[in-house]
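# Report on the structure
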Amino acid sequence: MKEPPMLIDFSNYPGPVYTGRSRGELIRAELHLDDVDSTDRLVNVKIPAATYSLTSSFFLGLFGPSVTRAGSQHAFFQKFNFDTSTALTEAFSDYVARALQEKRLFN
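Residues numbered from 1 in each chain as written. Predicted model: local features only at pLDDT ≥ 70, side-chain atom pairs only at ≥ 80, totals over all residues. Heavy atoms only, no water.

## A word on the packing of aromatic side chains
- A complete count under the given rule lists 18 aromatic pairs for this structure.
- For the ring pair F10 and Y18, a centre distance of 5.0 Å and an interplane angle of 85° mean the geometry is edge-to-face. For the pair F10 and Y18, a shared accessibility class is recorded, and that class is buried.
- Measuring from ring centre to ring centre gives 6.2 Å for F63 and F76, while their planes differ by 70°; the resulting arrangement is edge-to-face. You can see F63 sitting in helix α3 (residues 56-70) and its partner F76 sitting in helix α4 (residues 73-79), a full 13 residues away along the chain.
- Under the relative-accessibility criterion, F63 is labelled buried at 1%.
- On the basis of relative accessibility, which here comes to 0%, the residue F76 falls in the buried class.
- Taken together, the aromatic side chains of F59, F63, F76, F77, F80, F82, F92 and Y95 make up a single cluster linked through ring pairs. (Phe/Tyr/Trp six-rings, centres within 6.5 Å; stacked < 30°, edge-to-face > 60°. Buried < 20%, exposed > 50% of the residue type's maximum accessible area, 1.4 Å probe, protein only. Helix = DSSP H or I, 4+ residues; strand = E, 2+ residues; numbered from the N terminus.)

Structure (C-alpha cells):
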C-alpha cells in the first residue's frame, strides 16, 4: 500500500520571512527529507499566504538535495507539490533551475 503524501506546513515554522541555507538544512534534517527522497512518497508543501519571502538559500538548504536527486524540474515538481502564491511558485522554479545548472557545472 502506498503511503499518503507527507505534509510540510510552513505555518509550523516562524515566518513570514524564511532565509538562510543553514535554517533550511536544519528543517530538512528535522523532516528526514533524505529518507523521503529515497522513496516514491509524494510531498505536499503548504506555504501560508502571509509569507513575505522565501529566499533561494533557504529553499536550497531545505530542498536542494531533493532537486539534485530528482535530476530535473519536472521530476522534482512531480514529487513536491507546492500550495502557495504564483509569485513564490515562479521563484521556486528559478531556484530549481539554478540548482540543476550548478550541479551540471561541477559534475
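Now that the structure has been shown, the text picks up again.
## A look at the nonpolar core
- One finds I8, F10, V45, L54, F59, F63 and F82 to be the most contacted residues of the largest nonpolar core, which totals 29 residues.
- Sorting the residues of this core by element identifies β1 (6-9), α1 (21-31), α2 (33-37), β3 (43-46), α3, β5 (80-83) and α5 (86-106) as the ones contributing at least two each.
- Of all the elements, α5 adds the most residues to this core, at seven residues.
- Those residues in contact with L54 that lie beyond four places of it in its chain are F10, Y18, I47, F59, L88, F92 and Y95. (Core = buried A, V, L, I, M, F, W, Y, C linked by side-chain atoms within 4.5 Å. Contact = heavy atoms within 4.5 Å.)

## Overview of α1
- Along α1, the positions that sit buried rather than exposed are G24, I27, R28 and L31. Along α1, the residues classed as buried sweep out an arc of 105° about the axis, all on the same side. Residues of α1 that are exposed and point over 90 degrees away from its buried face: S22, L26 and A29.
- Against the buried residues of α1 lie β1, α2 and α3.
- At the C-terminal side of α1, H32 shows a positive phi close to 55°. (Arc of directions from axis to C-beta.)

## Examining the sheet that holds β3
- Spatially, the three strands line up as an open sheet ordered β1-β3-β5, and their pairing is parallel. Each of the sheet's edge strands pairs with one partner strand only, and the pair in question is β1 and β5. The mean inter-strand angle of the sheet, taken between neighbouring strand axes irrespective of direction, is 20°.
- Direction of pairing for β1 relative to β3: parallel, over a ladder of four bridges. Looking at β3, one finds that M6 is bridged to V43.
- Sitting on the sheet, α3 touches β1, β3 and β5, and the angle it makes with β5 is about 150°. (Pairing = 2+ DSSP bridges. Axes fitted to C-alpha atoms, helices over the stretch in contact; angles between N-to-C directions.)

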